[in-house]
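Listed below, chain by chain, are the residues.
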Amino acid sequence: MALPETADPPDAPARPPAVELRGVNAWFGSQHVLRAIDLAVAPAERIVICGPSGSGKSTLIRCINGLVPHQAGTIRVGGRAPGAAGPRIGMVFQAFNLFPHLTVLENCTLAPIHVGRMERRAAEDLARRHLERVRILGQAGKHPAQLSGGQQQRVAIARALCMSPEVMLFDEPTSALDPEMVQEVLDTLVGLAEGGMTMLCVTHEMGFARQVADRVVFMDEGQILEDAPPREFFASPRHPRARSFLGRIP
Ligand code: ADP
Ligand code: MG
């Protein structure tokens, strides 16, 4: 019997994970900050990472894009090791990290021109598309200091998108914002998630986790203690430390 055209052939290899960590361990001096981390993220999957301060969330994110070295285990993004000639990984930090002396548009075109070797005109067209996507094109000629925190963070997201990342990493993207600006940035992240971007996002915004996450990863003391769909994680966290963590989140 003929298989439906949409079915994969029975012996097709499974699609490789977009991000895969196996047995990843990292130390700062004698402090063991990542302990035997295993994590596989499928293409277009959305992962929210949460856990107490100091549990290793930022270190994990930074290891994935090669900002922090790991001493054991393997990390692959799109099947390749992170690094200079490696996969394209977009990163958005808590503190927007825009270049203050450049306009919004120039912040977005800098890397495509100097790293991606794109023509200025093409880089500007691309930047305008992404600025439009985060609904901030009207501010393209301004400098970061002339924008609100929420606007700056949306520029930081557009800037990351300009490098056509295979994966986007977010490290507490709303934690430095005034409360009234959190939602506009979360809305931008929801838009990205709905567009099929593979995302790993460290955040304590549990409403966001419920809305978009495919899985919630809970970390404590350098370990992943839970990795579950949000419905399951919030309804019945298995680990006592996850329960007490959730109890402390507003
Ligand atoms: P989280 O993001 O979950 O708050 P981090 O990954 O930032 O946690 O930190 C995990 C642990 O590693 C903490 O104890 C922190 O003090 C330590 N740490 C983080 N970055 C460094 C660094 N650059 N040098 C030394 N220790 C660090
Ligand atoms: Mg952190």
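The model shown is predicted, which means the values in this text are computed figures rather than measured ones.

A. Quick peek at the overall build of the chain. If you tally the helices and strands in the chain, you get 8 helices and 9 strands. Taking 18 Å as the expected radius of gyration for a compact globule of 250 residues, we find that the chain reaches 19 Å, a close match to that expectation. Considering only C-alpha atoms, the chain reaches an extent of 55 × 50 × 40 Å along its principal axes. In the chain, buried positions account for 49% of the 250 residues. Summed over all atoms, the accessible surface of the chain reaches about 12600 Å², with 51% contributed by carbon and sulfur. Taking the 26 positively charged and 26 negatively charged side chains of the chain as two groups, their mean positions are separated by 3 Å.

B. Region of the structure containing the site of ligand 1. What surrounds ligand 1 is the set Phe-28, Gln-31, Val-33, Pro-52, Ser-53, Gly-54, Ser-55, Gly-56, Lys-57, Ser-58 and Thr-59. Taking Lys-57, its side chain carries an N or O atom lying 2.7 Å from an oxygen atom of ligand 1. Starting from 560 Å² of accessible surface for ligand 1 in isolation, the protein chains cover 58%. Taken together, the elements giving at least two residues each to the shell around ligand 1 come down to β2 (31-41) and α1 (57-64). No other element matches α1, which puts 3 residues into the shell around ligand 1.

C. Structural view of the sheet that holds β2. Ordered by their spatial adjacency, 3 strands build an open sheet running β2-β1-β4, and the pairing between neighbours is antiparallel. Where the open sheet ends on each side, the last strands, each with one partner, are β2 and β4 (72-77). The average angle at which neighbouring strand axes cross in this sheet is 25°, direction not considered.

D. Geometry of the nonpolar core. Grouped together as the largest cluster of nonpolar side chains are 51 residues, with contacts concentrated most on Ile-157, Met-168, Phe-170, Met-199, Phe-208 and Phe-233. Core analysis: the next-biggest nonpolar cluster, separate from the first, contains 27 residues, Val-19, Val-24, Leu-60 and Val-77 among them.

Each value, and the rule that gives it
Residues numbered from 1 in each chain as written. Chains lettered and ligands numbered in written order. Predicted model: local features only at pLDDT ≥ 70, side-chain atom pairs only at ≥ 80, totals over all residues. Heavy atoms only, no water. Helix = DSSP H or I, 4+ residues; strand = E, 2+ residues; numbered from the N terminus. Rg over C-alpha atoms; globule rule 2.2 N^0.38 Å. Buried < 20%, exposed > 50% of the residue type's maximum accessible area, 1.4 Å probe, protein only. Areas by Shrake-Rupley, 256 points an atom, 1.4 Å probe, with all protein chains shown as cover. Lys, Arg positive; Asp, Glu negative; His and termini not counted. Charge placed at Lys NZ, Arg CZ, Asp CG, Glu CD. Near = heavy atom within 4 Å. Polar contact = N/O pair within 3.5 Å; in protein donor to acceptor, adjacent residues only side chain to side chain. Pairing = 2+ DSSP bridges. Axes fitted to C-alpha atoms, helices over the stretch in contact; angles between N-to-C directions. Core = buried A, V, L, I, M, F, W, Y, C linked by side-chain atoms within 4.5 Å.

Read these as geometric descriptors, not functional statements.
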